[in-house]
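Here's the letter readout for the chains.
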Amino acid sequence: MTSIKDNTSIVVVTYKRLELLQVLLESIRANTLWPKEVYVIDNDADEEVGALIKSLGKQMPGCSVIWIPMPTNTGGSGGFSKGMDLAYQAGAEWVWLMDDDVKLLPDALEKLVSWMPWALENDHLSIQGRRYNYDGSNFYWQYHFIEKLGIPNPVAPSQFKKDENFRPMNTACFEGGLFHRSVIERIGIPDYRFFIYWDDTIYGYLASQVTKPILINDVLMQRTRHIDSIKLGSVRKLNSTSNMIRYYIMRNRGHMARYMQLYGDYYPFLWGMGTAATYAKEFIRLFITKDFKEGLPALRKGMKEARSIIKDPEWQPMQPLYGK
């Protein structure tokens, strides 16, 4: 029988991707080590998902597999906010987040668990593993965030050195981010107002204010959804996206700026340079779809709303969970 890691919970957020979710859940079931709980936050409240979760629970004795149908679509941000809160309230020491379009490698949790005692001793309480692309190639993730510009570092080295087991980071990705409950207590749960995009970037930034996050040189998962992209060299890619995401990319820079203000990393001129760079990147991505008619208005609308958020006198950050 597979052993249970009784201090760890997995949180999965899904929306209208039953087949991809099934692949992920099967990879969790097939792992050499199971978590104590698996929360599936279903933004579509699909009864087929509920049936899938019930069936999986019967195949994983000792592990609670819990379906959380949401009354409305809260996006990835709202889903992870809900799931992390549930796991925290249930007493999880570590919470591992993932989207529905990845699958775990067979020994993923076992590898991750091996880092936990050392991470606790050395204050590395936010951990990110490496991933494979859909085609099996190494996925490049921008693990360094340039705070004052509000953009990922596009030239952060992609390759680990021969004896390099981990490297510091100051951001996170909810496609495999692991967080200790003490971090959740101090910075709160993810901000649901992002809906999608930049929510994990900011959550990792906040984590870096209270601990020393790391990217480990262990591949733990693989992406299971093909995304059209333009190759930028041998490793980096520029993925296509939708107009909805373009809107949130620009709009959520308003929320990002407010969090930067809290820690003294917001400088309007430099932030404006980062916004211009982000806009330029999205303008280039429009060439993948050629959808300038709808894409440009989405970018402009997002920028306008970001300015309103930055000026909103009633804006408040998510609160710590001390005392809950």
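Every value quoted in this text rests on a predicted model; they were computed, and no experiment measured them.

Draft legend 1. Focus on the overall build of the chain. Across its full length, the chain holds 10 helices and 13 strands. Relative to the compact-globule value of 20 Å for 324 residues, the chain shows a C-alpha radius of gyration of 19 Å, a close match. Looking at the chain residue by residue over its 324 residues, the buried ones come to 52%. Sequence separation of 24 or more characterises 82% of the internal contacts of the chain that already satisfy a separation of 6 or more. Surface exposure of the chain reaches about 14700 Å², of which carbon and sulfur atoms provide 54%. Separation between the mean location of the 39 positive side-chain charges and that of the 36 negative ones in the chain comes to 6 Å.

Draft legend 2. Local environment of the side chain of T74. As for its position among the elements, T74 is in the loop between strand 3 (64-69) and helix 3 (75-89). Leaving out residues up to four positions away in the same chain, T74 has contacts with N43, G79 and F195.

Draft legend 3. Molecular detail of helix 6 (residues 199-208). In terms of residue burial, helix 6 counts as a mostly covered element, since nine of its 10 residues are buried. Where helix 6 is concerned, the buried positions are D199, D200, T201, I202, Y203, G204, Y205, L206 and A207.

Draft legend 4. Main features of the packing of helix 9 (residues 268-289) against helix 10 (residues 292-311). The interhelical angle for the contact between helix 9 and helix 10, taken along N-to-C directions, is 165 degrees, at an axis separation of 10 Å. Put simply, helix 9 runs roughly antiparallel to helix 10. Where helix 9 crosses over helix 10, the handedness of that crossing is right-handed. On helix 10, the residues touching T275, Y279, E282, F283, L286 and F287 of helix 9 are F292, G295, L296, L299 and M303.

Draft legend 5. Up close: the nonpolar core. Among the nonpolar cores identified, the biggest contains 79 residues, and I28, W96, M98, L104, I127 and I184 are the most heavily contacted of them. The element that contributes the greatest number of residues to this core is helix 4 (residues 108-121), accounting for seven residues. With near-sequence residues (within four places) excluded, M98 lies in contact with I10, V11, V12, V13, L24, F80, L104, F174, E175, G176 and M221. Of all hydrophobic cores here, the second largest spans nine residues; its members include Y140, W141, M169 and C173.

Draft legend 6. Quick look at the pairing of strand 1 (residues 3-14). Across nine bridges, the pairing between strand 1 and strand 2 (residues 33-42) is parallel. In the sheet register, V12 faces strand 2, and the bridge partner there is V40. Bridge count for strand 1 against strand 4 (residues 94-99) is six bridges, and the pairing is parallel. Bridge assignment links V11 to a residue of strand 4, and that residue is L97.

Draft legend 7. Here's a closer look at the pattern of salt bridges. Evaluation of the coordinates by the stated rule reveals 13 salt bridges. A salt bridge links D107 to K111; the shortest N-O distance between them is 4.0 Å. Residue classification places D107 among the partly exposed positions, given a relative accessible area of 29%. When the shortest N-O distance is used, the salt bridge between E185 and R181 registers 3.8 Å. Note that E185 and R181 are positioned in helix 5 (residues 181-187) at a spacing of four residues, about one turn of the helix. The class of E185 is partly exposed, set by a relative accessible area of 21%. Salt bridges sharing common partners tie together R17, D100, D101 and R225.

Draft legend 8. Representation of the packing of aromatic side chains within the structure. Tallying each qualifying case throughout the model produces 14 aromatic pairs. Their ring planes at 70 degrees and their centres at 6.3 Å tell us that F145 and Y205 sit as a pair that is edge-to-face. Note that F145 is positioned in strand 7 (residues 145-146) and Y205 in helix 6, a separation of 60 residues in sequence. Taken individually, F145 and Y205 each receive the classification buried, so the pair is uniform in this respect. Ring centres of Y205 and Y263 lie 5.9 Å apart, and the angle between their planes is 85 degrees; this geometry places the pair in the edge-to-face category. Taken together, the positions of Y205 in helix 6 and Y263 in the loop between helix 8 (253-262) and helix 9 put the pair 58 residues apart, joining distant regions of the chain. Take Y205: its relative accessible area is 0%, and that puts it in the buried class. Through pairs of rings, three or more aromatic residues link up here, namely F80, F174, F179 and Y203. The ring centre of F160 lies 4.2 Å from the NZ or CZ of R167, which sits over that ring. Stacked on the ring of Y88, the Lys or Arg R181 has its end atom at 4.0 Å from the ring centre.

What counts, and at which threshold
Residues numbered from 1 in each chain as written. Predicted model: local features only at pLDDT ≥ 70, side-chain atom pairs only at ≥ 80, totals over all residues. Heavy atoms only, no water. Helix = DSSP H or I, 4+ residues; strand = E, 2+ residues; numbered from the N terminus. Rg over C-alpha atoms; globule rule 2.2 N^0.38 Å. Buried < 20%, exposed > 50% of the residue type's maximum accessible area, 1.4 Å probe, protein only. Contact = heavy atoms within 4.5 Å. Areas by Shrake-Rupley, 256 points an atom, 1.4 Å probe, with all protein chains shown as cover. Lys, Arg positive; Asp, Glu negative; His and termini not counted. Charge placed at Lys NZ, Arg CZ, Asp CG, Glu CD. Axes fitted to C-alpha atoms, helices over the stretch in contact; angles between N-to-C directions. Parallel < 35°, antiparallel > 145°, perpendicular 65-115°, else oblique. Left-handed = near helix turned anticlockwise from the far one by under 90°. Core = buried A, V, L, I, M, F, W, Y, C linked by side-chain atoms within 4.5 Å. Pairing = 2+ DSSP bridges. Salt bridge = Lys/Arg side-chain N within 4 Å of Asp/Glu carboxyl O. Phe/Tyr/Trp six-rings, centres within 6.5 Å; stacked < 30°, edge-to-face > 60°. Lys NZ or Arg CZ within 6 Å of the ring centre and 35° of its normal.

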